[in-house]
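Residues per chain, in single letters:
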Amino acid sequence: MRPRKEDATAYYVSRPLITNDQTDGSAGLRIPAGEIEQAVTSRLRQWLVDPGSVYHAIRLADPSAQRRLIARAEEIGKSWSELPATRQHALLTALIERIDVGANRIDIHFRPTRLGMLLDIAATRMASATDEAQILSLPIELRHSGREIKMLIEGTDPFATAKPDTRLIKLLIRARRFNTTLVDSDGVPFAALAKREGVSPSYFTRLVRLSYLAPDITQTILDGRQPRDLTADKLLAHSRLPLAWHDQRTALGFA
């Protein structure tokens with residue numbers, strides 16, 4: 001696949017769409033380039049910060065050079081977002097040979113032995129002299145959205161910026177408000193309190209239960225680092241949410 005730019009948005013477009021030739025009946029994949037590039041960059045960074053992976057991919061004859069290489073690779077991986085765009089581009093271009101996007105994974109074909117040169121480490125002799133391309137794989141899920149394909153990455157991206165879920169946060173705020181209303185009600189029945197808030201008694205009860213979430217669960221939601229599938233609707237669906245904190249973590253996917 002190769003990138004194509006339309007309406008200021010870059011896409012990766014498969015061969016049938018590029019040539020407008022769909023006589024073979026295949027449906028061309030059309031994936032926003034930014035999603036692929038972000039996923040590929042994140043996967044490469046994970047490799048850079050993993051000393052074991054770097055060591056197994058690049059064996060240098062000089063132990064001190066090997067240590068420097070691993071240390072510099074980890075440093076680059078951790079400080080990636082602070083590097084100039086030109087430096088990032090140079091590293092990616094030199095290391096990556098090809099990117100294959102399949103239905104359920106991305107395969108990154110790269111040449112790790114070039115890392116020493118890129119990081120200015122004099123490594124004239126390798127313990128295993130080979131410059132064969134190796135593969136880093138990334139599990140994904142592709143979903144159709146019109147002619148475009150939405151890409152979902154399995155697992156959590158350790159380098160992704162947290163994005164708090166506004167609906168979830170509003171739900172927690174409302175739950176705390178309902179709890180305060182209940183505490184200050186001086187014995188007013190649930191049904192009357194629910195009517196005062198303009199909601200059903202069952203909804204009022206479910207929200208009050210949410211005010212007793214474990215502090216670490218609440219903080220994780222506020223930080224935007226809750227499990228991917230934990231939505232406001234799913235949280236509300238737990239009409240019998242346990243009060244025990246360890247049971248809550250299991251029920252909501254935090255355990």
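Note: the structure precedes this text.
Overview of the structure. (Residues numbered from 1 in each chain as written. Predicted model: local features only at pLDDT ≥ 70, side-chain atom pairs only at ≥ 80, totals over all residues. Heavy atoms only, no water.)

Some points on the pattern of salt bridges
This is how it is decided: Any Lys or Arg side-chain nitrogen found within 4 Å of a carboxyl oxygen on Asp or Glu counts as a salt bridge. Only protein chains enter the area calculation, which uses a 1.4 Å probe; residues under 20% of their type maximum are buried, those over 50% are exposed, and those in between are partly exposed.
Evaluation of the coordinates by the stated rule reveals nine salt bridges. When the shortest N-O distance is used, the salt bridge between aspartate 107 and arginine 105 registers 3.2 Å. Of the residues examined, aspartate 107 reaches a relative accessible area of 12% and is grouped as buried. A relative accessible area of 43% means that arginine 105 is categorised as partly exposed.

As for helix α10 (residues 215-223)
Condition: Strands here mean DSSP runs of E at least two residues long; helices mean DSSP runs of H or I at least four residues long; both are numbered from the N terminus. Think of the arc as the fan of directions from the helix axis to the C-beta atoms.
Here α10 has its buried residues at Ile217, Thr218 and Ile221. Down the axis of α10, the smallest arc covering the buried residues is 100 degrees, so these residues share one side. Residue glycine 224 follows α10 closely and has a positive phi angle near 80 degrees.

Structural notes on the packing of helix α7 (residues 166-183) against α10
Each pair of packed helices can be summarised by the angle the axes make with each other and by the distance between the axes. We apply this condition: Interaxial angles span 0 to 180 degrees and are taken between N-to-C directions of axes, which are lines fitted to C-alpha atoms, for helices over the stretch in contact. Roughly parallel here means an angle under 35 degrees, roughly antiparallel means over 145, roughly perpendicular means 65 to 115, and every remaining angle is called oblique. Two helices cross in a left-handed way if the nearer one is turned anticlockwise from the farther one by less than a right angle. They cross in a right-handed way if the turn is clockwise. Only heavy atoms matter for contacts: two residues are in contact if any of them lie within 4.5 Å across the pair.
Between α7 and α10, the least distance of the axes is 9 Å, while the angle of their chain directions is 140 degrees. Considered as vectors, α7 and α10 are oriented oblique to each other. Classified by chirality, the crossing of α10 by α7 is left-handed. Contact residues: α7 offers Leu168, Ile169, Leu172 and Arg176, while α10 offers Thr218, Ile221 and Leu222.

Some details on the environment of glycine 116
Relative to the elements of secondary structure, glycine 116 occurs in helix α6 (residues 115-118). Measuring from C-alpha to C-alpha, the distance between glycine 116 and leucine 60 comes to 9.5 Å, with 56 residues separating the pair along the chain.

Examining the packing of aromatic side chains
The condition is simple: Note on ring pairs: Phe, Tyr and Trp rings are taken, using the six-membered ring of Trp, and paired if centres are within 6.5 Å. Classes follow the plane angle, with under 30 degrees stacked, over 60 edge-to-face and the rest tilted.
This model, assessed by the stated rule, comprises three aromatic pairs. Note on phenylalanine 178 and phenylalanine 204: the rings are 4.9 Å apart at their centroids and 20 degrees apart in plane angle, and the pair reads as stacked. Here phenylalanine 178, found in helix α7, pairs with phenylalanine 204, found in helix α9 (residues 201-210); they are 26 residues apart in sequence, far enough to count as distant. Of the two residues, phenylalanine 178 and phenylalanine 204, neither departs from the other in class, the shared state being buried. Judged by its relative accessible area of 0%, phenylalanine 204 falls in the buried class. An aromatic cluster is built from Phe178, Phe190 and Phe204, whose rings are joined through pairwise contacts.

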